Amino acid sequence: MRVSDTILGPDGLARCAWVGDDVEYRRYHDEEWGRPLHGDRALFEKMSLEGFQAGLSWITILRKRPRFREVFAGFEPQAVATFGDDDVERLMQDAGIIRNRAKILATIGNARLALAMAPGELDAFMWSFAPARHPRRASFAQVPATTPESDALSKALKKRGFRFVGSTTMYALMQSAGMVDDHVDGCHRATAVP
């Protein structure tokens, strides 16, 4: 393993190097990233935030997440699905989030699609694409941007009408929601049980 694939934190724990020295990234890495996440609302939020992240860094979204949660009604699909033109304009004026009209409209449209599914169906649907086996990566050079499973999830979501759910975005969701575990060898979370 290359030394650059992990970084030693101030607490003496080795972490995936992407954490750097950012306290919020360290907390996210240790407490969220790669841990199995279930629930329609939780996965709708993850899908929405990953969509907003497209083209940006995740730390930008992570730092804005509290405001996103506030203005998007806690990412409750039932609430977001009712958003109309006034809400879109309100969101476009909010500097606390990413003010991208296409992403805002996609989030509202995706909420309507999620709401049309039976309770628990979004969770079961998304998790049905999680690979049965996922190899531990020795280095980040081995971590793909997409996989056949993320390709399939993206294609299936798009077929249902969801937007901002490309394969790279869906692989990032799979990583963050624990559908795959890409903590590299040497990271203290690579051997931890979620």
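Please read all numbers here as calculations on a predicted model, not as lab measurements. (Residues numbered from 1 in each chain as written. Predicted model: local features only at pLDDT ≥ 70, side-chain atom pairs only at ≥ 80, totals over all residues. Heavy atoms only, no water.)

Chemist: I'm lost on the side chain of Lys 46 in this one. Help?
Modeler: Position of Lys 46 among the secondary structure elements: in helix α2 (residues 40-53). Buried within the structure, Lys 46 lacks any salt-bridge partner; Glu 32 is the closest side chain of opposite charge, at an N-O distance of 4.3 Å. (Helix = DSSP H or I, 4+ residues; strand = E, 2+ residues; numbered from the N terminus. Buried < 20%, exposed > 50% of the residue type's maximum accessible area, 1.4 Å probe, protein only. Lys, Arg positive; Asp, Glu negative; His and termini not counted. Salt bridge = Lys/Arg side-chain N within 4 Å of Asp/Glu carboxyl O.)

Chemist: I keep staring at α2 and nothing clicks. Help me out?
Modeler: Because each turn of an α-helix spans 3.6 residues, side chains separated by three or four positions end up pointing in the same direction. Between its terminal C-alpha atoms α2 stretches 20 Å, which fits the 20 Å expected from 14 residues at 1.5 Å a residue. Extensive coverage of α2 is indicated by the burial of 12 of its 14 residues. Every buried residue of α2 is listed here: Ala 42, Leu 43, Phe 44, Glu 45, Lys 46, Met 47, Ser 48, Leu 49, Glu 50, Gly 51, Phe 52 and Gln 53. Count one or two residues on from α2 and you reach Gly 55, which has phi positive near 90°. (Expected span 1.5 Å × (residues − 1).)

Chemist: Help me out: how do you make sense of helix α9 (residues 167-176) in this one?
Modeler: Most of α9 is tucked away, with nine of its 10 residues classed as buried. Among the residues making up α9, those that are buried are Ser 167, Thr 169, Met 170, Tyr 171, Ala 172, Leu 173, Met 174, Gln 175 and Ser 176. In the core, the buried residues of α9 are packed alongside α1 (23-31), α2, α7 (121-127) and α8 (148-159). Once α9 finishes, Gly 178 follows within two positions and takes phi at roughly 75°, a positive value. (Contact = heavy atoms within 4.5 Å.)

Chemist: For this particular structure, what's the right way to read the pattern of salt bridges?
Modeler: Close approach of charged atoms lets side chains of opposite charge pair. All chains considered together, the criterion is met by 16 salt bridges. Across the pair Glu 121 and Arg 160 runs a salt bridge whose closest N-O atoms are separated by 3.6 Å. Of this pair, Glu 121 sits in helix α7 while Arg 160 sits in the loop between α8 and α9; the two residues are 39 residues apart in sequence, bridging distant segments of the chain. In this structure Glu 121 comes out as partly exposed when scored by relative accessible area, which is 29%. Overall, Arg 160 belongs to the partly exposed group, its relative accessible area being 36%.

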